[in-house]
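# Residue-level structure breakdown
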There are 4 protein chains.
Amino acid sequence: MVERSEASRRAVLNATLKLLGVTGSGPGTNVQKLTIEAIAREAGVSKATIYRWWTSKAEVVFEAFVSDYLSHTSVREDLPALDALRDHVHAVVERYAGQEGRIVAQMIAEGQYDQTVLDQFMNGFWRGRREAVVALIERGQVEGSIRADADPALIATLVYAPIYQRLLLRDAPLDAEFADEIVTLALAGAGEVTSRHAL
Amino acid sequence: MVERSEASRRAVLNATLKLLGVTGSGPGTNVQKLTIEAIAREAGVSKATIYRWWTSKAEVVFEAFVSDYLSHTSVREDLPALDALRDHVHAVVERYAGQEGRIVAQMIAEGQYDQTVLDQFMNGFWRGRREAVVALIERGQVEGSIRADADPALIATLVYAPIYQRLLLRDAPLDAEFADEIVTLALAGAGEVTSRHAL
Amino acid sequence: MVERSEASRRAVLNATLKLLGVTGSGPGTNVQKLTIEAIAREAGVSKATIYRWWTSKAEVVFEAFVSDYLSHTSVREDLPALDALRDHVHAVVERYAGQEGRIVAQMIAEGQYDQTVLDQFMNGFWRGRREAVVALIERGQVEGSIRADADPALIATLVYAPIYQRLLLRDAPLDAEFADEIVTLALAGAGEVTSRHAL
Amino acid sequence: MVERSEASRRAVLNATLKLLGVTGSGPGTNVQKLTIEAIAREAGVSKATIYRWWTSKAEVVFEAFVSDYLSHTSVREDLPALDALRDHVHAVVERYAGQEGRIVAQMIAEGQYDQTVLDQFMNGFWRGRREAVVALIERGQVEGSIRADADPALIATLVYAPIYQRLLLRDAPLDAEFADEIVTLALAGAGEVTSRHAL
DNA sequence: CGATAAACGAGACGGTACGTCTGGTCTTGTG
DNA sequence: CACAAGACCAGACGTACCGTCTCGTTTATCG
């Protein structure tokens, strides 16, 4: 009868973002150290309300992060495919270098312990981004800037895998230089037909 | 002066492996759900003893796993570089498909919350494997099967990143087919000089 | 405008009796463990409806119990006073030995925490019974079987106090033998004139 | 190895007494409204410590009250039995009129919901007092001031039952006048041989 | 006979306490 | 003096009820 309070929902999500350090000033907490009690306290909401609507802490974090904060790094349609790809990779790398990256990393970490968390992350976040990149590569093939006989999915993997590796293993910084390398690498083999002709 | 009890150390490490399901029969626990208390109980050792010698649960796991269980998938010296690389990737992928992969994934997950854990993992485990692959690629360049103008480090990234992505994101199975794809992909651009000549 | 729903009232009272184990089969609950929520659930009634008409759980229990279940153990008018007293005490003791006794005990218990509950119990239940006994004793005095110089109120206390003590302290069973003892005791001093003459 | 901390035990018991209003200034709480959390908070003790050593709130209250606060209203040996009885009843009634009475009443109330609480009360508190009174009555019989053919246990009941009734039902005040009445009543029948001779 | 106003079911909500659990520290013997 | 045994404080867990508060939705008079 009485429908869900949007105010409470927002309070929970905002409190979660605040505690994670996404918004506000403080340094923020781990997802792991983030507690439901703290969210409830910060949000001025009852614990029961959180448990009523979310089944796990990770679900709250995911909703807070993905649906309310994360900008779906878009792919530009107005650029040639190669340029759009380069632009997209730069944008992703730049974002992942900051707080957003830390939270994505922690969601993946949570997913190692809870398959449903990983599923949610993959379906609600990762899949969409990847498909946008695959579509972009296919556009590149139509445009003739990417070899038509290369598998777009594999190229997408070549683009994304190093980003996630660096995000998670932190073996080197996520910076613009790295973004350039990635695109170059991914297209070195399957890549730019014209430049290959120049070889 | 009573020096550190090697018996206690072994008891702790063995208990850890048992509880993680690495040895013994049971299904094993998460690293996350693994508790110091349970280790102490299983090992017949006092909690204080564990805290005295290890600073975190992850450190115990790492020591138990890396120094006592993990086989350092070696690189074969008796094969041509390309074959050795292919062999190595197959071996890694096969191992990561099992329990070993789950624990590596969980150590990386823990590392997202604790930099020292990640450092330990990178220095004690990952770095060595990667350097072996880099060396292998350099051997391939000397042997002439890999283009000399390619950066061995980048190729190593092209090899490993997709493996870790699949290990952590579980978007597709870690199997022999995948191992083949990786090698092919990684060498597509920077790869086999001979095949490029055929273009 | 719309008057109180008798159907809801009955549903609440019946649900209360059922949950207390007074009616139905099950073992029943404590008054303490009985919850408004459970009553509402069982009765198919909104919590608000209960709170609208009753101020406390104890009030619901009292109404359910007293006005709908409790038989007002009556005093027989057709017997000589002494026989009627004996009959009454036996009846009370017998009833208190069962479920009725447990609930009376629990209402008194609730009354220790809430004066209004105790008031309600005293006014709505206890007072009436006690006055009936006092009247009976006065009849005995008129009939000459009880000494006229004894205070009827004190004798009533001598009759009832041991019953309530046993009900609440459970130091010995509430049985027929006990009922006999009580009457004998209460009348030993102030009691049967004839027997005293025999002294 | 490590034995129970007496400091923690005392802290818990003292906090309990303070919260119940037995010591300190405030108005105090019900036993019912007294919470384990509040005790732990007040005592500066972990909840787990309380649950480790006591199985229920009532047990804590009992131990706090009986073993540390309640003075075991003693029976004077230097007076003739009848005078000692009168003295004892006055003392008990006086104590029960205050905070001590409220807590005894609440322990009995708790006992209506939990047999172990009642057992503990009966064995640890009530039994001892009653036996002292029975012994006193027997002394009176030896001294010749109480009829030898009366059952001391029944007389003890006649003495105590009205006190507990008034304590629990609060139908009339627990005062000195009442104490006098009780003794007179109890001894009216089985009582003072000399006065009976005067009849 | 249709408007209106209370009573009602449903149940969301902020709270509070429950009893359990684990983490990490500290204490007290034992070998 | 390293160790086991384990008591301890701290505080989060997820659950259960509390009593309050909208919400529509009956339902019974009254204009």
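At the junction of the two partners, chain A supplies 36 residues and chain B supplies 36 residues. At the boundary of chain A with chain B, total buried surface from both sides reaches about 3300 Å², with 60% on carbon and sulfur atoms. On the chain A side of the contact with chain B, A:Gln112, A:Tyr113 and A:Leu169 bury the most area, a combined 24% of that side's loss. At the surface where chain A touches chain B, the tally comes to 15 residue pairs in polar contact (both at pLDDT 80 or more). Going through the elements one at a time, helix H6 (99–111), helix H7 (115–143), helix H8 (152–169) and helix H9 (176–190) of chain A are the ones with two or more residues in the side of chain A that touches chain B. Ranked by residues supplied to the side of chain A that touches chain B, first place goes to H8(A) with 10 residues. Here the residues of the side of chain A that touches chain B are counted per class, giving 20 nonpolar, 9 polar and 7 charged.

Residues and elements named next belong to chain B. Of all 10 residues in helix H4 (residues 57–66), 8 are buried, a share of seventy percent or more. Buried within H4 are the following residues: Lys 57, Ala 58, Val 60, Val 61, Phe 62, Ala 64, Phe 65 and Val 66. Buried residues belonging to H4 abut helix H1 (6–19), helix H2 (36–43), helix H3 (47–53), helix H6 (99–113) and helix H7 (115–143).

If you walk through the whole model with that rule in mind, you get 36 salt bridges over all chains. Salt-bridge contacts for A:Glu6 lead to A:Arg9; the nearest nitrogen and oxygen are separated by 2.9 Å. With A:Glu6 and A:Arg9 both in helix H1 (residues 6–19) and 3 residues apart, this pair spans about one turn of that helix. Overall, A:Glu6 belongs to the partly exposed group, its relative accessible area being 45%. Among the salt bridges present, the one from C:Glu42 reaches C:Lys18, with a minimum N-O distance of 2.9 Å.

So, on to the protein's contact with DNA strand E. If you check the shell around DNA strand E, you find 40 residues, and the closest are A:Ser5, A:Trp53, C:Trp53, D:Val2 and D:Tyr51. Backbone atoms, meaning sugar and phosphate, form 59% of the atoms of DNA strand E found within 4 Å of the protein. Where the surface near DNA strand E is concerned, the elements lending two or more residues are helix H3 (47–53) of chain A, H2 and H3 of chain B, helix H3 (47–53) of chain C together with helix H2 (36–43) and helix H3 (47–53) of chain D. With 5 residues, the top contributor of residues to the surface near DNA strand E is H3(A). Taken together, the residues that form the surface near DNA strand E break down as 17 nonpolar, 12 polar and 11 charged.

So, how was this worked out
Residues numbered from 1 in each chain as written. Chains lettered and ligands numbered in written order. Predicted model: local features only at pLDDT ≥ 70, side-chain atom pairs only at ≥ 80, totals over all residues. Heavy atoms only, no water. Contact = heavy atoms within 4.5 Å. Buried area = accessible area lost by both parts, 1.4 Å probe. Polar contact = N/O pair within 3.5 Å; in protein donor to acceptor, adjacent residues only side chain to side chain. Helix = DSSP H or I, 4+ residues; strand = E, 2+ residues; numbered from the N terminus. Nonpolar A, V, L, I, M, F, W, Y, C, P; charged D, E, K, R; others polar. Buried < 20%, exposed > 50% of the residue type's maximum accessible area, 1.4 Å probe, protein only. Salt bridge = Lys/Arg side-chain N within 4 Å of Asp/Glu carboxyl O. Near = heavy atom within 4 Å.

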